[in-house]
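# What the coordinates show
Here are the chains, one letter per residue:
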Amino acid sequence: MAEGSIDRDAWAKVVTGLIAQETGTPAKPQGNKSRFAELVGVTYKTVLRWTQGASDVSEDSVRQVARALHISPLLLLVQVGYYTDEDLGAAASVATPAGIDKDDPALRVILEANVPPRVQQRMIQRLQELRAREAEREVDEVRWWIDQSRGA
């Protein structure tokens, strides 16, 4: 494999795993290639070629899949041999979402949940929205206290 190219076999394994993870059901744990194609914005034939290792894959294609599934493009590119961990250095580590402490118990539960990354991302966004609404309510409550103390 040339430096800076996608390993077809590694990509086939990654895509096969993502198909199962993103579209698998108890009745069909291997997943659904057509549904996966819709999720990532490519044709069924493209997914079929990817899983068979039958065509070259571009960095842009890997990034497109990563963005569609809310997976780190850099980490996915490492998995398929485009980059090495050394190429990325600190960028290969998973970042804590902005505004949430890495030791936050709710975040820990989300990150440990056996759900697809895109679902985890949505849960984290909802947690951030919930926390923002709670902060607004606290401020409103404090303002009410202040108003009450002035009237007393």
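First things first, this report covers the structure right here in the doc. Values in this document were obtained by computation on a predicted structure and should not be read as measured data. (Residues numbered from 1 in each chain as written. Predicted model: local features only at pLDDT ≥ 70, side-chain atom pairs only at ≥ 80, totals over all residues. Heavy atoms only, no water.)

A few words now on a nonpolar patch on the surface. Nonpolar side chains collect at one region of the surface, where Val142, Trp144, Trp145 and Ile146 lie side by side and expose about 410 Å² of accessible area between them. Along the chain, the position of Val142 falls in helix 8 (residues 117–151). Relative accessible area serves as the criterion here: at 36%, Val142 is assigned to the partly exposed category. (Patch = residues over 30% accessible without salt bridge, like charges linked within 9 Å, V, L, I, M, F, W, Y side chains within 5 Å. Areas by Shrake-Rupley, 256 points an atom, 1.4 Å probe, with all protein chains shown as cover. Salt bridge = Lys/Arg side-chain N within 4 Å of Asp/Glu carboxyl O. Helix = DSSP H or I, 4+ residues; strand = E, 2+ residues; numbered from the N terminus. Buried < 20%, exposed > 50% of the residue type's maximum accessible area, 1.4 Å probe, protein only.)

With 22 residues, the main nonpolar core has Ile6, Trp11, Phe36, Val62, Val65 and Leu69 as its most contacted residues. Elements supplying a minimum of two residues to this core: helix 1 (8–23), helix 2 (33–40), helix 3 (44–52), helix 4 (59–69) and helix 5 (73–79). At 5 residues, helix 1 tops the list of elements feeding residues into this core. In this view, Phe36 contacts Val15, Leu18, Ile19, Glu22, Thr23, Val47, Val65 and Leu69; residues no more than four positions away in its chain are not counted. (Core = buried A, V, L, I, M, F, W, Y, C linked by side-chain atoms within 4.5 Å. Contact = heavy atoms within 4.5 Å.)

What follows covers the packing of helix 1 against helix 3. At a minimum axis distance of 7 Å, the contact between helix 1 and helix 3 shows a crossing angle of 125 degrees. As summarised for this structure, helix 1 and helix 3 are arranged oblique, according to the angle between their axes. Taken together, the residues of helix 3 that come into contact with helix 1 (itself represented by Trp11, Ala12, Val15, Thr16 and Ile19) are Val47, Trp50 and Thr51. Here the contact of helix 1 with helix 3 is built from residues that sort into 6 nonpolar, 2 polar and no charged. (Axes fitted to C-alpha atoms, helices over the stretch in contact; angles between N-to-C directions. Parallel < 35°, antiparallel > 145°, perpendicular 65-115°, else oblique. Nonpolar A, V, L, I, M, F, W, Y, C, P; charged D, E, K, R; others polar.)

So, to be careful, I would describe these as geometric facts and stop short of saying anything about function.
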